[in-house]
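# Structural overview for review
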Amino acid sequence: GAPLGLRFLVMDTVADACAGQFVPLLVGDYRDRDALAEFASRVDVATFDFENVPAESARWLAERIPVFPNPGALAIAQDRLAEKSMFRELGIPVPGFADVDTRSALDSAIERIGAPCILKTRRLGYDGKGQFRLQSAGDADAAWQALGNQASTVGLILEAFVPFERELSVVAVRGRDGEFRAWPLTENWHVDGVLSASLAPAPVAVDIERTAFAHARALSERLQYVGVFALELFCRDGELLANELAPRVHNSGHWTIEGAQTSQFQNHLRAVLGLPLGATTALGHACMLNWIGEMPPAGAVLGERAGHWHDYGKTPREGRKVGHATFRSDSASELAAGLERVGDALGRQAQVRPVIGRLATV
Ligand code: ATP
Ligand code: MG
Ligand code: MG
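Thresholds applied
Residues numbered from 1 in each chain as written. Chains lettered and ligands numbered in written order. Predicted model: local features only at pLDDT ≥ 70, side-chain atom pairs only at ≥ 80, totals over all residues. Helix = DSSP H or I, 4+ residues; strand = E, 2+ residues; numbered from the N terminus. Rg over C-alpha atoms; globule rule 2.2 N^0.38 Å. Contact = placed C-beta atoms within 7 Å. pLDDT = per-residue confidence, 0-100. Buried ≥ 20, exposed ≤ 12 C-beta atoms within 10 Å, placed from the backbone. Arc of directions from axis to C-beta. Domains from an automatic or database assignment. Nonpolar A, V, L, I, M, F, W, Y, C, P; charged D, E, K, R; others polar. Axes fitted to C-alpha atoms, helices over the stretch in contact; angles between N-to-C directions. Parallel < 35°, antiparallel > 145°, perpendicular 65-115°, else oblique. Left-handed = near helix turned anticlockwise from the far one by under 90°. Pairing = 2+ DSSP bridges. Near = placed C-beta within 6 Å. UniProt positions renumbered as here; feature names shortened; annotations may be inferred.

## Some details on the overall build of the protein
- What the protein contains, in helices and strands, is 12 helices and 15 strands.
- Its C-alpha atoms give the protein a radius of gyration of 20 Å, near enough to 21 Å, the size a compact globule of 362 residues would have.
- In terms of principal-axis extent, the alpha carbons of the protein reach across some 55 × 50 × 40 Å.
- Of the contacts made within the protein by residues no fewer than 6 positions apart, 59% connect residues no fewer than 24 positions apart.

Next up, the structure:
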């Protein structure tokens, strides 16, 4: 937002929030009305880049200042059951799913959905947290042991396990005037439920991309969405199944900072402010690698013509996303060669291998 001449106030619950390194920070609980009132008095328009801001607090703010995306869209995206029900209503295919509120409901859900399947918390899960994978009905006790105590607080949902060939995401933006733009489809690789690498544009058939964009557009119109969002998809036998909707700028869109004409961050702000949206065209090929737990040494990435470094300034912690690198090149083979060198230098061959394999098909 800085190049647009914007000024920011960030509200966060902790004093060491990493945004505080760059912009003024208001520390307060999201449910604290005094803190929210102070926040509202100091800004012209509000948005969020964290999907677990209580929807009720967003609603309270929206009665006082413009809030985009609208809190109703946030509320739906916060609840896997509500979001999957909406996908289905819009004719967007989804994996089988069932609401689970008791131990016996889990048994009947497994019977209906079949195994393997995944028990997930309906709310507050991220990076694969709050999930339990069941190989067979015999795992029901273990699954309930792990998550049953959350049935009455955040709710549970059972989903069919999808043996997908690839994971894709649509990162898209919708303006205040309803204009819709999507960046080229992104392919994603997860390790233990956490995003590890993204490649864009994803080498997929044009009809897959067209269908994915149509789903994203339909969702954004139903929700009267304003801002950037991501729709996560599984691709199986050439069919797309919707996994979840992220009501915010998305990790799988970080490549757009260097790899697209306009980044997801800038277009989010343009949308929220009612400014014209920027072009979402890709500039060649881009791969993003997530740094999880701690930052690797920067030298190998900075030594690459294609390499860009992003350190979030977060305290290292196991499983925490602390930064990423993006590699951008006009040539797919050059990008693959750079990834190979970086994978070798950092001992991260496993992280780059699937991306290099896919680039060979471009
Ligand atoms: P995020 O950090 O993207 O918000 P999350 O915690 O909300 O993640 P999901 O996106 O539901 O969780 O799951 C994380 C990953 O686990 C998926 O990207 C996918 O790799 C795998 N996964 C989740 N659900 C399924 C499923 N039904 N079938 C197969 N794999 C799945
Ligand atoms: Mg999620
Ligand atoms: Mg996800």
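Moving on from the coordinates now.
## Describing the confidence of the model for the protein
- Summarising the model, the protein shows a mean pLDDT of 97, and 100% of its residues fall at 70 or more.
- For this predicted complex, the interface confidence score (ipTM) comes to 0.98, while the overall pTM stands at 0.97.

## Examining helix 4 (residues 80–89)
- By the burial criterion, the buried members of helix 4 are Arg80, Glu83, Lys84, Met86 and Phe87. Summarising the axial view, the buried residues of helix 4 lie within an arc of 155 degrees, below the 170-degree limit, and thus occupy one face.
- Contacts made by the buried residues of helix 4 are with helix 3 (71–77), strand 3 (97–100), strand 4 (117–121), strand 6 (156–160), helix 7 (206–222) and strand 12 (239–246).
- Looking one or two residues beyond helix 4, the residue adopting positive phi is Gly91, at roughly 80 degrees.

## Let's talk about the environment of Ala73
- The topology assignment puts Ala73 in helix 3.
- The class for Ala73 is buried, based on 23 C-beta atoms found within 10 Å.
- Measuring from C-alpha to C-alpha, the distance between Ala73 and Asp139 comes to 34 Å, with 66 residues separating the pair along the chain.
- Each residue touching Ala73, except ones within four places of it in the same chain, is listed here: Leu223, Tyr225 and Pro247.

## Side note on helix 12 (residues 349–359)
- Of the residues making up helix 12, those classed as buried are Gln351, Val352, Val355 and Leu359. For helix 12, the angular spread of the buried residues around the axis is 70 degrees, confining them to a single face. Turned more than 90 degrees away from the buried face of helix 12 sit Ala350 and Gly357, all of them exposed.
- Where helix 12 is buried, its residues meet strand 10 (194–200), strand 13 (285–292) and helix 11 (332–346).

## Re the domain arrangement of the protein
- Once the domains are mapped, the protein shows domain 1 (2–77), domain 2 (96–160) and domain 3 (166–359).
- Distance between the C-alpha centres of domain 1 and domain 3: 24 Å.
- Contact with domain 1, which involves 17 residues of that partner, is made by 17 residues of domain 3.
- Residues that form the side of domain 1 that touches domain 3 fall into these classes: 12 nonpolar, three polar and two charged.

## Some thoughts on the packing of helix 11 against helix 12
- Axis separation between helix 11 and helix 12 bottoms out at 9 Å; the angle between their running directions is 165 degrees. Of the possible angle classes, the one that applies to helix 11 and helix 12 is roughly antiparallel. The two elements helix 11 and helix 12 meet at a crossing, and its hand is left-handed. In contact with Ala332, Leu335, Ala336, Leu339, Glu340, Val342, Gly343 and Asp344 of helix 11, helix 12 contributes Gln349, Gln351, Val352, Val355, Ile356 and Leu359.
- Here the contact of helix 11 with helix 12 is composed, by residue class, of nine nonpolar, three polar and two charged.

## Overview of the pairing of strand 4
- Of all five residues in strand 4, four are buried; the element is thus mostly enclosed.
- The pairing of strand 4 with strand 5 (residues 131–134) spans four bridges and is antiparallel. Each bridged residue has a counterpart across the sheet, and for Lys120 the counterpart in strand 5 is Gln131.
- Pairing geometry for strand 4 and strand 6, over five bridges, is antiparallel. Looking at strand 6, one finds that Ile118 is bridged to Glu159.

## Examining the pairing of strand 6
- Within strand 6, four of the five residues are buried, which leaves it mostly tucked inside the rest of the structure.
- Bridging between strand 3 and strand 6 involves four bridges; their strand directions are antiparallel. Following the sheet pairing, Val100 is matched in strand 6 by Leu156.

## Quick notes on the site of ligand 1
- In the neighbourhood of ligand 1, 17 residues make up the surrounding shell, with Gly125, Glu159, Val162, His190 and Gly193 lying closest.
- Counting residues per element, the shell around ligand 1 draws most heavily on strand 12, which supplies three residues.
- Residue composition of the shell around ligand 1, by class: six nonpolar, five polar and six charged.
- Split by domain, the residues of the shell around ligand 1 number at least three in each of domain 2 (96–160) and domain 3 (166–359).

## Let's talk about the sheet that holds strand 4
- A sheet is described by the order of its strands in space; here four strands give the open sequence 3-6-4-5, paired in antiparallel fashion. Strands with a single pairing partner mark the edges of an open sheet, and in this sheet they are strand 3 and strand 5. Put simply, the sheet's adjacent strands are angled 20 degrees from each other on average, direction ignored.
- Each of strand 4, strand 5 and strand 6 is contacted by helix 6 (residues 140–147), which is oriented at about 180 degrees to strand 5, the strand it contacts most.

## Points about the UniProt feature "domain: ATP-grasp" (unreviewed entry) in the protein
- Taken from the UniProt record, the annotation "domain: ATP-grasp" (unreviewed entry) applies to residues 84–273.
- In the segment residues 84–273, helix accounts for 29% and strand for 32%; the C-alpha atoms at its two ends are 29 Å apart.

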